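What the coordinates show
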Amino acid sequence: MISFLGYNDKDFPLPDPMPEGMLIGRVVEEHRGHYFVMYEKGLIEAGVTGKIIHTSESKEAFPAVGDWVVMAISDKNQALIHDILPRKTVLRRRASGKIIAEQVIAVNIDIAFVVMSGDENFSLNRLERYLTIIYNGGIIPIIILNKTDLFTKAEVDIQVLEIKKRHLGVTVVWTSAMTEEGLNFVHKTLLPGKTYCFVGSSGVGKSSLINRLIGEQRQYVKEISAATAKGQHATTYRELIELDNGSLLIDTPGMREVGLVAADAGLEETFADIITLAQNCRFSDCTHSNEPGCAVIAACKAGNLQVEKLDNYLRLKRESDYFQMDTYERRQKDKTFAKMVKEFKRNKPKKT
Ligand SMILES: Nc1nc2c(ncn2[C@@H]2O[C@H](COP(=O)(O)OP(=O)(O)O)[C@@H](O)[C@H]2O)c(=O)[nH]1
Ligand SMILES: [Mg+2]
Ligand SMILES: [Zn+2]
């Protein structure tokens, strides 16, 4: 019987038969090429078999934080991961850098808290990026507006209202890791055996909130700077943490950019209002930019849809489509764009 870190055999059935001498564990930390895995006897460092390395076509084939893995313990108190149990949910983004590839952030998450703060970090567009990758991975989002202690109640009310105006259906909680405002509500949502992750830009207070929830300073958070009341981001690794009540929390490192991979399913949920409106557009392939009979643009004009939300949807949709193109299509598109830029430059009136 396995009973740790939220394991249940309904969501994660074991291979049948279980290979001889193998054990099950959960990845709690990922480093370059090696992992830390929690299993019935505690924490162990693990590598992956050559089979995983050589037969993998993408990063998806490698273990990620939150994975349930089948492993063998070698005598040097090291483990070798042979297999990954099928994932329930996957949180992905586009890997940063020029190469078009995806990166798995964490897996087997039930609920993702998107943390945002009311200072310069406040961005509804970025929030929608996070919602898109969360929904796309089959995960339920909850929005946390943190650092309420830096604002008046009226200011916080306005920020919450702005979020709710764009996303009626999503739960919004406002918190302060300083004063513990709202922490009770977050605590109440944490159920035994369920896995929660915290995502959001670095510096918004993910690690501080997690520290408050575990009630001890497990993770290193830099002291808040008295001068600016802002402080710096300080978490250097991610971790899967078990609370006393048996719920699991995953901290993710701050992400400077959250590029989309193919994310149509996520876009359809995040922008469900736009998708519904689009069913009434005159053309089935309407791009909602300038077509006659566009129901989406009509809704904007009538004040029933924020133009900013439509703009962000179109931007994210382009990004998702771009990811899905094959290399040839992408090259053509980049060429056309380069040509456009060149022509624009040529036709630009010359300075005299
Ligand atoms: N005033 C205020 N500062 C906070 C709050 N939460 C976090 N901070 C500070 O913001 C900085 C970044 O916090 P951290 O938890 O490392 O953010 P992370 O990068 O999202 O994990 C630290 O200096 C924290 O002390 C909050 O609710 N109010
Ligand atoms: Mg952190
Ligand atoms: Zn349209």
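This report concerns the structure included in the present document. (Residues numbered from 1 in each chain as written. Chains lettered and ligands numbered in written order. Predicted model: local features only at pLDDT ≥ 70, side-chain atom pairs only at ≥ 80, totals over all residues. Heavy atoms only, no water.)

Notes on the side chain of H167
Mapped onto the secondary structure, H167 falls in the loop between α3 (153–166) and β10 (171–174). A distance of 2.8 Å separates polar atoms of two side chains, one belonging to H167 and the other to E128. Filtering out sequence-adjacent residues up to four positions away, H167 remains in contact with E128, L131, T270 and K309. (Helix = DSSP H or I, 4+ residues; strand = E, 2+ residues; numbered from the N terminus. Polar contact = N/O pair within 3.5 Å; in protein donor to acceptor, adjacent residues only side chain to side chain. Contact = heavy atoms within 4.5 Å.)

What about the coordination of the zinc ion (ligand 3)?
The reference angle at a metal is 109.5 degrees if four donors form a tetrahedron and 90 or 180 degrees if six donors form an octahedron. Here the zinc ion (ligand 3) is held by C281 (SG), C286 (SG), H288 (ND1) and C294 (SG), and the distances to it run 2.1 to 2.4 Å. Taken together, the four donor atoms coordinating the zinc ion (ligand 3) and their angles of 105 to 115° define a geometry best described as tetrahedral. We note that the donor set of the zinc ion (ligand 3) lies within a single chain, spaced as C-x4-C-x1-H-x5-C. Accessibility classification places C286 together with C294 in one group, the buried group. (Donors = N, O, S within 2.8 Å, 3.2 Å for Na, K, Ca; no water. Tetrahedral: all angles 85-135°; square planar, octahedral: opposite > 155°, others 65-115°. Buried < 20%, exposed > 50% of the residue type's maximum accessible area, 1.4 Å probe, protein only.)

Focus on the nonpolar core
Of all hydrophobic cores here, the largest spans 73 residues; its most connected members are V37, I81, L91 and I163. With seven residues, helix α2 (residues 124–136) is the single largest residue contributor to this core. Setting aside residues no more than four positions away along its own chain, I81 makes contact with Y35, V37, A46, G47, V48, T49, I52, P63, V69, V70 and M71. In this structure, F113, V173, F198 and I214 belong to the second largest nonpolar core, which totals 20 residues. (Core = buried A, V, L, I, M, F, W, Y, C linked by side-chain atoms within 4.5 Å.)

Structural notes on the packing of α2 against helix α9 (residues 307–324)
One can describe the packing of α2 onto α9 by two numbers: an axis separation of 10 Å at closest approach and a directional angle of 50°. Comparing their axes, α9 and α2 come out oblique. For the pair α2 and α9, the sense of crossing is right-handed. Here α2 contributes N125, E128, R129 and T132 to the contact with α9, which in turn contributes E308, K309, N312, R315, L316 and E319. Of the residues assigned to the contact of α2 with α9, the class counts are one nonpolar, three polar and six charged. (Axes fitted to C-alpha atoms, helices over the stretch in contact; angles between N-to-C directions. Parallel < 35°, antiparallel > 145°, perpendicular 65-115°, else oblique. Left-handed = near helix turned anticlockwise from the far one by under 90°. Nonpolar A, V, L, I, M, F, W, Y, C, P; charged D, E, K, R; others polar.)

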